[in-house]
Structure formats: C-alpha cells, structure tokens
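# Analysis of the macromolecular model
Residue strings, one per chain:
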Amino acid sequence: MIAAEKFPHNNQPNFNHTDSTTLHSNSPPLSISESTMPPTSQDQAGDKRQAAREVIDILQEISDLLNTNLDRTELSLCVSLIENGVNPDALATVIKDLRKETGSSKRVGNAPVVE
C-alpha cells in the first residue's frame, strides 16, 4: 500500500471512518478511580516518613531492652551514620568512649549506666 493511500490529504490520518475502537463524542467521559491512580510524591513521602517512624519505634524498644541509654534522636543519628557507611562497631566504640570522657550518667527509666 502506498503511503498516500494510508494517509490521504497531505499525509494526515483519516479519522472520518468509524469502527469498534473509535470513541464517539456521546461516550461518557473516562474516569479513573483513586485506587488505580499512581501514588503522588506527597503520598510516597508520607509513607516513607511513617515507615521511618516505625523503624525507629522498633529500634527504641530494642535499645531500651539492651539498656543502651540512647534516645530516639540519638538512634536516628546512629541509623543515618550507619546508612551512610560508618562502621557500626566503630560507632559503638566512639559512643562508649565519649560517655567515659564526659562521665555521662544519662539514664533511661531505671536502666543502669553502661560502662
């Protein structure tokens, strides 16, 4: 078939014919339910924040059971450092050394001071 036959009138497609795939002007407008819409970046950011809170909640419980005397902010900082490549063992050593140097007696509940 010659290209001119496919697209008569200056190579423009012919939309004058109708078949079962043609949309008619009296067709109802298409609607997409929210459940099929892709999540927005705001929704994704909210989900990430919620997931991060849940992780810190779990880490806080573990921290309390192990009597690390780290609060949520300190745990968050430790997680961030580890995610960025800091060696966890080295981080633990630094925290212990800083506590010894400062004589930190910070306690969580009735937890004893870790030395």
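Refer to the structure presented above.
Residues numbered from 1 in each chain as written. Predicted model: local features only at pLDDT ≥ 70, side-chain atom pairs only at ≥ 80, totals over all residues. Heavy atoms only, no water.

## Overview of the side chain of Arg 99
The line we're drawing: A run of H or I in DSSP becomes a helix once it reaches four residues, and a run of E becomes a strand once it reaches two; helices and strands are each numbered from the N terminus. Per-residue accessibility, obtained with a 1.4 Å probe over protein chains only, is compared with the maximum for each type, and a residue is labelled buried under 20%, exposed over 50%, and partly exposed between these values. Only four residue types enter the tally: Lys and Arg on the positive side, Asp and Glu on the negative side, with His and both chain ends excluded. For this document, the term salt bridge refers to a Lys or Arg side-chain nitrogen within 4 Å of an Asp or Glu carboxyl oxygen. Counting of polar contacts relies on pairs of N or O atoms within 3.5 Å, with two restrictions inside protein: one atom must be capable of donating a hydrogen and the other of accepting it, and residues adjacent in sequence are counted only when both atoms are side-chain atoms.
Topologically, Arg 99 is positioned in helix H5 (residues 88-102). Comment: no salt bridge for buried Arg 99; closest opposite-charge side chain is Glu 74, at 4.7 Å. A polar contact is formed between the side chain of Arg 99 and the backbone oxygen of Thr 68, at a distance of 2.7 Å.

## Quick look at unusual backbone geometry
One non-glycine residue with positive phi stands out, namely Asn 67, at about 55°. By the element assignment, Asn 67 lies in the loop between helix H3 (41-65) and helix H4 (72-83). Even without a glycine there, the phi angle at Asn 69 is positive, about 60°. Examined against the element boundaries, Asn 69 turns out to sit in the loop between H3 and H4.

## Comments concerning the packing of H4 against H5
Selection rule: Axes here mean lines fitted to C-alpha atoms, for a helix over just the part in contact, with angles spanning 0 to 180 degrees between N-to-C directions. Note on convention: near helix rotated counterclockwise from far helix by under a right angle means a left-handed crossing. Clockwise means right-handed. Residue contacts are defined here by distance: any two heavy atoms, one from each residue, within 4.5 Å place the two residues in contact. Note that Gly is not counted as nonpolar here; it falls among the polar residues with everything else outside the nonpolar set of Ala, Val, Leu, Ile, Met, Phe, Trp, Tyr, Cys and Pro and the charged set of Asp, Glu, Lys and Arg.
In the contact formed by H4 and H5, the axes pass within 10 Å of each other and the chain directions differ by 140°. H4 and H5 meet at a crossing whose hand is right-handed. Taken together, the residues of H5 that come into contact with H4 (itself represented by Cys 78, Leu 81 and Ile 82) are Pro 88, Leu 91 and Ile 95. In terms of residue class, the contact of H4 with H5 is made up of 6 nonpolar, no polar and no charged.

## Structural notes on the environment of Gln 60
With respect to the helices and strands, Gln 60 occurs in helix H3. Relative accessible area serves as the criterion here: at 14%, Gln 60 is assigned to the buried category. For the pair Gln 60 and Leu 70, spaced 10 residues apart in sequence, the C-alpha to C-alpha distance is 8.0 Å. Not counting residues within four places of it along the chain, the set of residues in contact with Gln 60 comprises Leu 70, Asp 71, Arg 72 and Leu 75.

## Notes on H3
So the rule is basically this: Here, expected helix span is obtained from the residue count minus one, scaled by 1.5 Å.
For H3, spanning 25 residues, the distance from its first C-alpha to its last is 36 Å, which sits close to the expected 36 Å at 1.5 Å a residue. All of the buried residues along H3 are Ile 56, Gln 60 and Ser 63. Positive backbone phi, at 55°, marks Asn 67, one or two positions downstream of H3.

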